[in-house]
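Each chain is listed here by its residues.
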Amino acid sequence: MKENLKILLMAILFSVLWSSAFIAGKFGIESSPPLFLLAIRFLLAGLFMILIMGFIPSVKIPDRKPCSWLLALILGMLNNVLYLGLSFYALQILPAGFIVIIISTAPIITAVLAHFTLGELLTKKKLAGLILSICGVWLIVHGQLVEGDSTQFQLLGFALVGLSTVSMTCGTIVYRRYASDISPFWINTWSTIIAGFIMLVLSLLFENLSTVNLDRRFWIVSLYLALVVSIGAMLLWFHLIRTAGASKASACHFLNPVFGLVLAGVLLHEMPSFIGVLGVIPVCLGIGLVVRSR
């Protein structure tokens, strides 16, 4: 009983940390364009993870070196450059709470893609979860567009978040199929560093860096995203998988939409429409069905 309570508290903490990344990002883009903010986040996180690796003897360079570095590049592109790049860009358009909700459906998209790429069974529960989540996301999008003035601009935001979510699920599939035998800490460290340099180049090419304000808010957000989210939440996630198992750990995603809306409401004063809040219910149920059917 005590162990289950400990796992539950860790799951809640992970969900809060994961959801808070987009809330912090909303504050951060007030001081910096999104790509530059992410570049600093990734490079800071990568630097600290290299230092941490020095104290973890079990984290070694994989034997298949060329393939491992290629996988680090691919996963850096999918899980960092595209997933976070697109979603943080969308923060300029959409409320952070809704972005959290849509990205939380990633386990459902992963279940569908895994059926076709990894041969994992697409059960009736997973199909039901997919349908419920689609209905919930439709309600959220519809509620936001009804409330909003710039419909076309908001549709662009939802499209970016959708592509971001697909990119993250593709990263999950690639990791499961090709990189599951590589140290998670090693692959995450180097994919983060690679993504940091790519993001920095993209920022120099496409963003107006004269708008960057290296104020206290910028550095607080950057350090929070690097240390608490990129490193702290990641280590907590791996610990959850080891202690509770992958299926129970995945159930954390069931909590993300709720914490996303609550944190956005409390910290950003984002007030979603009634229809948008209603859409959270089928999304949560859908995620729950998928992660519990594994």
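Structure: above.
Residues numbered from 1 in each chain as written. Predicted model: local features only at pLDDT ≥ 70, side-chain atom pairs only at ≥ 80, totals over all residues. Heavy atoms only, no water.

**Student:** Before we move on, could you go through the side chain of Ser191 and cite the residues and values that matter?
**Tutor:** Here Ser191 lies in helix α8 (residues 184–206). Classification of Ser191 by relative accessible area gives buried; the value is 5%. Here Ile187 takes part through its backbone oxygen, which lies 2.7 Å from a polar atom of the side chain of Ser191. When near neighbours in sequence (up to four residues on either side) are disregarded, Ser191 contacts Ala72, Leu75, Gly76 and Asn80. (Helix = DSSP H or I, 4+ residues; strand = E, 2+ residues; numbered from the N terminus. Buried < 20%, exposed > 50% of the residue type's maximum accessible area, 1.4 Å probe, protein only. Polar contact = N/O pair within 3.5 Å; in protein donor to acceptor, adjacent residues only side chain to side chain. Contact = heavy atoms within 4.5 Å.)

**Student:** Talk me through the pattern of salt bridges; I want residue IDs and the actual numbers.
**Tutor:** Scanning the model with the defined rule gives 2 salt bridges in all. For the salt bridge of Glu30 with Arg217, the shortest nitrogen-to-oxygen distance reads 2.7 Å. Separated by 187 residues along the polypeptide, Glu30 in the loop between α1 (2–28) and α2 (34–53) and Arg217 in helix α9 (residues 216–244) bring together distant segments of the chain. The partner of Asp215 in a salt bridge is Arg217, and the shortest N-O contact between them spans 3.9 Å. Bridged by salt links that share partners, the residues Glu30, Asp215 and Arg217 form one connected network. (Salt bridge = Lys/Arg side-chain N within 4 Å of Asp/Glu carboxyl O.)

**Student:** For the packing of α2 against α8, give the residues involved together with the corresponding values.
**Tutor:** At a minimum axis distance of 8 Å, the contact between α2 and α8 shows a crossing angle of 150°. As judged from the angle between their axes, α2 and α8 are roughly antiparallel. The chirality of how α2 crosses α8 is left-handed. Residues that form the contact of α2 with α8 fall into these classes: 20 nonpolar, 6 polar and no charged. (Axes fitted to C-alpha atoms, helices over the stretch in contact; angles between N-to-C directions. Parallel < 35°, antiparallel > 145°, perpendicular 65-115°, else oblique. Left-handed = near helix turned anticlockwise from the far one by under 90°. Nonpolar A, V, L, I, M, F, W, Y, C, P; charged D, E, K, R; others polar.)

**Student:** Mind laying out helix α11 (residues 256–268), listing which residues take part and the relevant values?
**Tutor:** The end-to-end C-alpha distance of α11 is 17 Å, a good match for the 18 Å that 13 residues give at a rise of 1.5 Å each. Buried residues of α11: Asn256, Pro257, Gly260, Leu261, Leu263, Ala264, Gly265 and Leu268, and no others. Phi turns positive one or two residues past the end of α11, at His269, with a value near 60°. (Expected span 1.5 Å × (residues − 1).)

**Student:** I'd like a description of the packing of helix α4 (residues 96–103) against α11, backed by residues and values.
**Tutor:** At a minimum axis separation of 8 Å, α4 and α11 run at an interaxial angle of 170°. For the element pair α4 / α11, the angle class is roughly antiparallel. Here α4 contributes Ala96, Gly97, Phe98, Val100 and Ile101 to the contact with α11, which in turn contributes Asn256, Pro257, Gly260, Leu261, Ala264 and Leu268. Split into classes, the residues belonging to the contact of α4 with α11 amount to 8 nonpolar, 3 polar and no charged.

**Student:** Summarise the environment of Pro272; cite the residues concerned and give the values.
**Tutor:** Mapped onto the secondary structure, Pro272 falls in the loop between α11 and α12 (274–292). Through-space distance from the C-alpha of Pro272 to that of Gly143 is 8.0 Å; in sequence the pair is 129 residues apart. Dropping the residues within four chain positions of it, Pro272 is found in contact with Phe98, Leu261 and Val277.

**Student:** Report on the packing of aromatic side chains, specifying residues and quantitative values.
**Tutor:** Throughout the structure, instances matching the rule amount to 6 aromatic pairs. For the ring pair Trp69 and Trp190, a centre distance of 5.2 Å and an interplane angle of 70° mean the geometry is edge-to-face. With Trp69 in helix α3 (residues 65–90) and Trp190 in helix α8, this residue pair connects regions lying 121 residues apart in the sequence. Residue classification places Trp190 among the partly exposed positions, given a relative accessible area of 23%. (Phe/Tyr/Trp six-rings, centres within 6.5 Å; stacked < 30°, edge-to-face > 60°.)

**Student:** Account for the nonpolar core, naming residues and giving values.
**Tutor:** Judged by nonpolar contacts, the single largest core of 81 residues is most densely connected at Phe14, Phe22, Phe88, Ile99 and Ile103. Sequence-distant contacts of Ile99, defined by excluding residues within four places in its chain, comprise Phe22, Ser87, Ala90, Leu91, Leu94 and Val161. (Core = buried A, V, L, I, M, F, W, Y, C linked by side-chain atoms within 4.5 Å.)

**Student:** Hey, could you go over unusual backbone geometry for me, with residue numbers and the actual values?
**Tutor:** For His269, which is not a glycine, the phi torsion comes out positive at approximately 60°. Position of His269 relative to the elements: it lies in the loop between α11 and α12. Accessibility expressed as a relative area gives 63% for His269, which makes it exposed.

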